Structure formats: structure tokens, C-alpha cells
Amino acid sequence: MTNLLPIHIALGGIWALLIVASLIVFTLTKAQPERDHSELVQRTTSWWAMIAVFTAAFLLSRTLSITVFALVSFLALKEYLSMIPTRRADRRVLFWAYLAIPVQYYWVADEWYGMFAVFIPVYMFLFLPFAMLLSQQTEGFLKAVGTLNWGLMLCVFSLSHAAFLLVLPVEGPGSIGGTAASGAGLLLFLVFLTQFNDVAQYTWGKLFGRRKIVPQVSPKKTWEGFLGGMLTTTVLAVLVAPLVTPFSALHAGLAGAMIAGAGFIGDVTVSAVKRDLGVKDTGALIPGHGGIMDRIDSLTFTAPLFFHFTRYLYT
Amino acid sequence: MTRVLQLVFFLMVRVVVLFVLGLNVRRREWLPEDGPAILVANHNSHLDTLVMMSLTPLARIAKLRPVAAADYFLANRAMAWFSLNILRIIPIDRQKGTAGGDPLAECHEALARGEILILFPEGSRGEPEEMTALKKGIAHLAEKNPDAPVVPVFTHGLGKALPKGSFLLVPFFCDIFVGEPIVWPGDRPTFMNILAARFASLSAEKTFAPWE
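The shown structure was predicted, so the numbers you read here are calculated from the model rather than taken from an experiment. Throughout, a residue's number is its position along its own chain's written sequence, starting from 1. Each chain takes a letter, starting from A, and each ligand takes a number, starting from 1, following the order in which they are written. Selection of residues for local features in this predicted model requires a pLDDT of at least 70, selection of side-chain atom pairs for listing and counting requires 80 or more, and totals for whole chains, interfaces and linings are taken over all residues. Side-chain numbers come from the whole structure's heavy atoms, not from hydrogens or water.

Examining the overall build of chain B
Worth spelling out the cut-off: Put simply, DSSP marks the helices as runs of H or I at least four residues long and the strands as runs of E at least two long, and each gets a number from the N terminus on. Type-normalised accessible area, obtained with a 1.4 Å probe on protein chains alone, sets the label of each residue: buried when under 20%, exposed when over 50%, and partly exposed for intermediate values. Here, residues are in contact when the closest pair of their heavy atoms is within 4.5 Å. Accessibility throughout is a Shrake-Rupley quantity obtained with a 1.4 Å probe, and a residue counts as covered only by protein chains that appear here. By the counting rule applied here, Lys and Arg register as positive and Asp and Glu as negative, while His and the ends of each chain are not counted. The atoms used to mark charge sites are NZ of Lys, CZ of Arg, CG of Asp and CD of Glu.
When you go through chain B residue by residue, the secondary structure sums to eight helices and seven strands. Here the C-alpha coordinates of chain B stretch approximately 45 × 40 × 30 Å along the principal axes. Split into buried and exposed, the 212 residues of chain B put 49% on the buried side. Restricting to contacts in chain B with at least 6 residues of sequence separation, those with at least 24 account for 75%. Approximately 9,900 Å² of chain B is accessible, and the part contributed by carbon and sulfur atoms is 60%. Charged side chains of chain B number 22 positive and 21 negative; the gap between the two group centres comes to 5 Å.

Looking at the nonpolar core
All names here are of chain A. The line we're drawing: Throughout this description, the term nonpolar core refers to a set of buried Ala, Val, Leu, Ile, Met, Phe, Trp, Tyr and Cys residues connected via side-chain atoms within 4.5 Å.
Of all hydrophobic cores here, the largest spans 121 residues; its most connected members are Phe69, Tyr105, Phe189 and Phe247. Residue contributions to this core peak at 12 residues, all from helix H6 (residues 141–164). Discounting chain neighbours no more than four positions away, the residues touching Phe247 are Leu186, Phe189, Ala241, Ala252, Ala255, Phe306, Phe309, Thr310 and Tyr314.

Some thoughts on the environment of A:Ala252
Residue and element names in this part refer to chain A. Along the chain, Ala252 falls in helix H9 (residues 249–277). Its relative accessible area of 0% is what places Ala252 among the buried residues. Residues Ala252 and Phe189, spaced 63 residues apart in sequence, show a C-alpha to C-alpha distance of 10.0 Å. Once residues within four sequence positions are removed from consideration, Ala252 is found in contact with Ala237, Val238, Ala241 and Phe247.

A few points about the pairing of strand E6 (residues 150–156) of chain B
All names here are of chain B. Here is the rule: Should DSSP find at least two bridges between two strands, the strands are regarded as paired.
With seven of seven residues buried, E6 lies mostly within the body of the structure. Both faces of E6 are covered, namely the face carrying Val150, Pro152, Phe154 and His156 and the face carrying Val151, Val153 and Thr155. Two strands pair when backbone bridges link them, and strand E2 (residues 37–41) and E6 are joined in this way by four bridges, in the parallel orientation. Paired with Val40 across the two strands is Pro152, which belongs to E6. Alignment of E6 against strand E7 (residues 174–178), held across four bridges, turns out to be antiparallel. Bridge pairing in E7 links His156 to Asp175.

Structural notes on the pattern of salt bridges
Test applied: Salt bridges are counted wherever a side-chain nitrogen of Lys or Arg sits within 4 Å of a carboxyl oxygen of Asp or Glu.
For the structure on display, the rule yields 15 salt bridges over all chains. Between A:Asp294 and A:Lys274 there is a salt bridge, and its shortest N-O distance comes to 2.6 Å. Highlighted residues: A:Asp294 in helix H10 (residues 292–314) and A:Lys274 in helix H9, separated in sequence by 20 residues. The exposure classification of A:Asp294 matches that of A:Lys274, with both residues buried. In the salt-bridge network here, residues are joined through shared partners; they are B:Arg26, B:Asp175 and B:Lys206.

Notes on the packing of aromatic side chains
Residue and element names in this part refer to chain A. Our working rule: Stacked, tilted and edge-to-face are the three classes assigned to paired rings of Phe, Tyr and Trp, where Trp is represented by its six-membered ring and a pair needs centres within 6.5 Å; plane angles under 30 degrees give stacked, over 60 edge-to-face, the rest tilted. Here, a charge over a ring means that NZ of Lys or CZ of Arg falls within 6 Å of the ring centre while also lying within 35 degrees of the ring normal.
Per the stated rule, a full pass over the model turns up 35 aromatic pairs over all chains. For the pair Tyr106 and Trp107, a centre-to-centre distance of 5.6 Å together with 65° between the ring planes defines the contact as edge-to-face. Residue Trp107 is classed as buried on the basis of its relative accessible area of 12%. By way of ring pairs, the aromatic residues Tyr113, Phe116, Phe157, Phe164 and Phe307 are connected into one cluster. Positioned above the aromatic ring of Tyr113 is the side chain of Arg311, whose terminal nitrogen or guanidinium carbon lies 3.8 Å from the ring centre.

Comments concerning the environment of A:Leu166
Positionally, A:Leu166 belongs in the loop between H6 and helix H7 (180–208). When its relative accessible area of 5% is taken as the criterion, A:Leu166 is described as buried.

Some remarks on the confidence of the model for chain B
Note the threshold: Confidence scores per residue from the predictor, reported as pLDDT, run from 0 to 100.
Mean pLDDT over chain B works out to 87, with 97% of the residues at or above the 70 mark. Reported for the predicted complex are a pTM of 0.90 and an ipTM of 0.86.

A few points about the sheet that holds strand E3 (residues 64–69) of chain B
Residues and elements named next belong to chain B. What counts is decided by this rule: Where helices are involved, their axes are fitted lines through C-alpha atoms of the stretch in contact, as for all axes, and angles between N-to-C directions lie from 0 to 180°.
A sheet is described by the order of its strands in space; here seven strands give the open sequence E1-E7-E6-E2-E5-E3-E4, paired in mixed fashion. In the strand order of this sheet, the two ends are held by strand E1 (23–26) and strand E4 (90–92), each with one partner. Going from strand to strand, the sheet's axes swing by 25° on average, the running direction of each strand aside. Here three bridges tie E3 to strand E5 (residues 116–119), and the two strands are oriented parallel to one another. Looking at the pairing, Pro66 lines up with Ile118 of E5.

Thoughts on the side chain of B:His156
Residue and element names in this part refer to chain B. With respect to the element layout, His156 can be found in strand E6. Residue class for His156 comes out buried when judged on its relative accessible area of 9%. His156 has contacts with Glu129, Phe173, Cys174, Asp175 and Phe208, leaving out every residue within four places of it along the chain.

Notes on the interface of chain A and chain B
How we decide: Two parts placed together each lose some accessible area under a 1.4 Å probe, and adding up what both lose gives the buried area. Residues adjacent in sequence count toward polar contacts only when both atoms are side-chain atoms; beyond that, a polar contact is any pair of N or O atoms within 3.5 Å, and within protein one must be able to donate a hydrogen and the other to accept it. Side-chain classes follow a simple rule in which Ala, Val, Leu, Ile, Met, Phe, Trp, Tyr, Cys and Pro form the nonpolar group, Asp, Glu, Lys and Arg form the charged group, and the remainder, Gly included, forms the polar group.
On the side of chain B, 24 residues touch chain A, which itself brings 21 residues to the contact. Of all residues in chain A, the largest losses of buried area upon contact with chain B belong to A:Lys78, A:Arg88 and A:Arg91, amounting jointly to 37% of the total for that side. Along the contact surface separating chain A from chain B lie zero salt bridges. Remark: the boundary between chain A and chain B carries nine residue pairs in polar contact (both at pLDDT 80 or more). If you list the elements that add at least two residues to the side of chain A that touches chain B, you get helix H3 (62–83) and helix H4 (91–109) of chain A. For the side of chain A that touches chain B, the element with the highest residue contribution is H3(A), accounting for eight residues. Split by residue class, the side of chain A that touches chain B holds 12 nonpolar, three polar and six charged.

Comments concerning the packing of H9(A) against H10(A)
Residue and element names in this part refer to chain A. We apply this condition: The sense of a crossing depends on the near helix, which, turned anticlockwise from the far helix by less than a right angle, makes the crossing left-handed and, turned clockwise, makes it right-handed.
Axis separation between H9 and H10 bottoms out at 7 Å; the angle between their running directions is 145°. Of the two elements, H9 crosses H10, and the hand of that crossing is right-handed. Considering only residue class, the contact of H9 with H10 consists of 14 nonpolar, six polar and four charged.

A short note on the pairing of E7(B)
Residues and elements named next belong to chain B. Among the five residues in E7, five count as buried, and that is most of the element. Of the two faces of E7, the one carrying Cys174, Ile176 and Val178 and the one carrying Asp175 and Phe177 are both buried. Pairing of E1 with E7 involves four bridges; the strand directions are parallel. Residue pairing in the sheet places Val25 in a bridge with Ile176 of E7.

So this is what it looks like as C-alpha cells:
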């Protein structure tokens with residue numbers, strides 16, 4: 001080890017948190033052997049796997065980290081397209097939509113912000129309906145093109161903002177001179193707080209949840225869980241910001257609250273989609289969590305908002 | 001040599017099946033550990049055989065014998081070499097059933113050697129993601145080999161990923177539902193009824209996204 005950067009300390013902190021959480025789950029299973037904790041145990045085990053992959057990519061190289069996000073986008077889009085009604089005539093168009101993933105993440109690796117920002121919302125948006133009309137099947141055309149574009153925006157465009165943080169040239173007081181390290185710190189900040197907020201809202205809701213927010217969409221979401229999670233996440237954001245971001249305390253607090261709010265909205269939005277389709281989970285890829293969309297639903301909303309918050313204030 | 005080629009081929013198949021498609025297998029424990037056994041699946045895509053062959057550990061790949069139509073899989077020399085040496089199919093003559101002995105003779109021999117047969121009793125891939133009537137050859141096979149359990153496997157999504165007549169593989173998650181193994185019930189009509197009932201309940205386990 002030549003030099004221990006603050007980001008390594010932050011990663012160490014995440015692992016410490018994971019170990020503490022695992023010990024709590026272990027104690028719980030021992031203390032209440034009569035209750036079924038299998039989902040909680042599965043969830044925790046999956047967290048180990050996910051954090052291991054993330055840490056490895058993070059430490060090895062920036063390109064690898066970008067590739068991991070591209071793979072997550074691919075799995076998410078595949079899950080989405082497997083879950084929604086599709087038309088047989090559109091198989092080729094779905095293939096084009098998948099091809100947009102390597103292209104979009106190439107713009108990230110290339111640090112070409114202008115193209116990154118317009119490729120999917122402009123070029124793919126215009127190209128997909130054209131590719132779709134070539135089959136000359138107009139029945140269900142609008143629904144097909146609408147659902148495909150929405151999936152591409154959610155699974156690829158939104159999520160790629162998290163990866164773009166890695167190459168964002170950040171400046172400002174406390175920044176690490178616009179190097180890759182500062183981008184990595186921002187990504188860690190975003191992903192950690194988004195996922196932490198999910199767990200915090202869930203835990204607060206389990207302990208104190210009474211007043212439901214949107215029972216028709218997601219019956220388990222309560223005001224107590226939402227506000228408790230938001231408070232914890234905001235406090236944590238202020239505490240960890242000096243370690244990995246150039247944010248002032250005020251901006252860190254705002255970012256934390258924004259992540260908590262947007263994360264909640266992302267979560268219930270995917271819940272609404274699932275309810276519409278009549279499925280419980282988006283897939284079965286991550287034991288205890290469901291599909292990959294169930295895990296990154298919040299991130300699809302927090303990533304672009306946090307990205308533009310940072311870009312506006314610090315570049 | 002062909003054994004090595006077979007292993008390499010199926011390793012590549014596994015990578016594609018796991019990454020490009022992604023399988024969600026329910027009740028994997030009902031799949032036979034060893035032969036003799038008969039895996040019976042619905043048929044929608046060329047991927048069916050490959051996916052069925054990736055459900056068992058790679059070390060036992062040599063035990064798997066897909067039963068396939070001779071007119072299609074032995075159509076030309078290259079195809080025939082691949083079918084017989086890599087996939088190791090047991091060719092069946094779809095047109096002339098009984099002319100010249102039992103058409104299932106090779107299947108009986110394979111089961112006697114403790115191999116695992118893979119059969120698609122619909123006969124043809126047909127329309128994507130739609131099941132057609134089951135052919136009765138499977139009942140004859142099960143009757144002659146009462147020791148071999150018949151395991152019904154219902155797959156969904158493969159017909160979307162690569163339907164008949166297409167060469168473009170489009171990624172979709174695939175659901176695999178393994179049904180309870182069927183022990184020979186004593187007569188063929190009862191067997192066919194049980195098999196059809198198993199497939200009916202397996203296919204009703206999940207509401208699938210519409211595919212128009």
C-alpha cells in the first residue's frame with residue numbers, strides 16, 4: 001500500500017457497516033430461532049456479493065467500473081423487456097435498444113458529455129420509432145415505442161449518470177484537483193447513500209411505520225419510514241461528505257435529502273410498474289431482493305438528479 | 001478429441017445461456033442426478049436443446065442424449081457431424097414410424113446404459129410460446145422403461161429470444177419450471193393424461209408477459 005486515500009477509508013467504512021449488519025442478523029437468527037429469517041439472511045448474503053463486486057471494480061480500474069455499470073444496465077433492460085408486453089414484430093428493434101448500452105457507456109469512457117447527454121433522449125428517441133415502423137405493423141405501435149423508450153431512459157440513460165460521475169472534472173473547495181479520485185468519491189457517495197437510504201427507510205418503517213403514503217401502489221411505505229430514512233441519510237451525508245466529496249456541509253445535507261426523496265420516488269415508481277404488470281418482483285437475479293430492478297430502482301432516480309446537482313455546483 | 005470439443009462447446013453455451021439469456025430455474029432438485037431418466041420439455045426454439053443441456057453439471061454432459069428429428073439434424077454432412085458428435089443426438093425418423101423395427105430402439109439402448117434422454121413430445125417447434133398436442137411416442141418409451149422417471153420441464157422465453165425462422169438472438173430472461181417426476185402409472189393413456197396435466201399446471205405457475 002503506497003498511499004491510503006480517503007476513498008479507501010470510506011470503502012473500509014462500508015465493509016465495517018456490512019460486518020456489523022451481518023452480526024446483527026446473525027444474533028437475530030440465534031435469539032429468535034422460531035421465526036423465519038431466511039429472507040433477511042439471503043438479503044445480507046446478497047449484499048456481500050454486491051459490495052464485493054462493486055469494491056473490486058472500484059479498486060481495479062475506472063474502465064472496469066464503467067463496464068460494471070454497463071452490465072447492470074444490460075441486466076436491468078433485459079429484466080424490463082422480459083417483464084413487459086412486447087410485440088414479436090419488434091424483435092429487431094429490441095436488439096437495437098440493447099446495442100444502445102455499449103454506445104452510451106462508450107461516451108462515458110470517452111468523457112464526451114455532449115453526446116452522452118443527448119444520445120438516448122434525442123438520437124435513440126428518434127431512431128427507435130423509425131426502426132419500429134419498418135415492420136409496418138401499426139397495431140400497438142404507440143404502446144410499443146412508448147414502453148421501449150421509457151425502459152431505455154430508466155435502465156440505461158438514468159443509470160449511466162452514476163458512471164459519468166467517475167469522469168466528471170470536479171472543482172471547488174476540498175476537491176482533489178479534478179482527478180479521477182474525486183469522481184470515484186462522488187460515485188461512492190451516491191451509491192452508498194442511495195442503498196443506505198433504502199435500508200434505513202425499510203428499517204424505520206418496520207419499527208415505527210403506521211401512516212401509509214401510497215397504499216394503492218406500495219402498501220409498506222409509510223411516512224415514518226420515509227422521514228426517518230431521510231433524516232438518517234441526510235445526517236450521514238453531512239458526516240461522510242468531507243471524506244469523499246468537495247461539498248460544503250449545506251450542500252452535503254441537501255444532496256442527502258435529495259437522494260432520500262428521489263430514492264423513495266424511484267422505488268414507488270417501479271412498484272407502480274410491477275403492480276400494473278401484476279408481478280411481485282422484477283426478477284429473481286438477487287436472492288432475497290428479487291430482480292436487479294428491485295435493487296436499483298432508487299438509483300435510477302437519484303443518479304441523474306445527483307449528477308446534475310454536482311455538475312451545476314462544482315464544475 | 002470430440003469429447004474435448006464437446007466440453008468446450010457446452011462451456012461456451014453456458015456462458016451465453018447465463019449471461020445473454022439468464023435462467024430462473026424453479027425446483028432444480030427435481031432434475032435427475034443420474035440416468036436412466038427422461039427429460040420432457042415443450043419446444044419453441046433451437047435454444048431449447050442447448051438450455052436443457054446446460055441444466056446439469058458439465059461433468060455429466062456426456063450422459064445427456066437429445067432425441068431429435070433425423071430429417072432436420074442430419075440434413076447435410078456438417079450438420080450431421082455436429083449433431084452426432086457434439087450434441088450427441090439420437091436421430092428419430094419423423095415420417096416412417098415402424099417400418100423396419102422399433103424406431104425407439106436406440107432410445108431404449110441409451111436408457112439401458114443409464115443415459116438421460118431429452119425429448120420434445122410436441123414434435124416441432126411450432127408457433128413461439130404456444131404449446132401444441134403431445135405426441136404419443138413418449139408413452140411407448142416410458143412403458144418399455146418403467147425404471148426411468150419422466151421429468152416434465154416447462155420453459156418460457158426461449159421462443160422470444162430465438163423463435164423458429166430467425167437467426168437474431170435477442171436477450172430475454174427465461175423461466176424454467178421443473179415438474180414432479182412421473183413414475184410409470186401402468187398404462188399409456190393414463191401416462192399421457194398425467195403428462196399433459198403436469199405441463200398444464202407448470203405453464204400456469206406464472207403469468208407471462210404477452211407476446212403478440
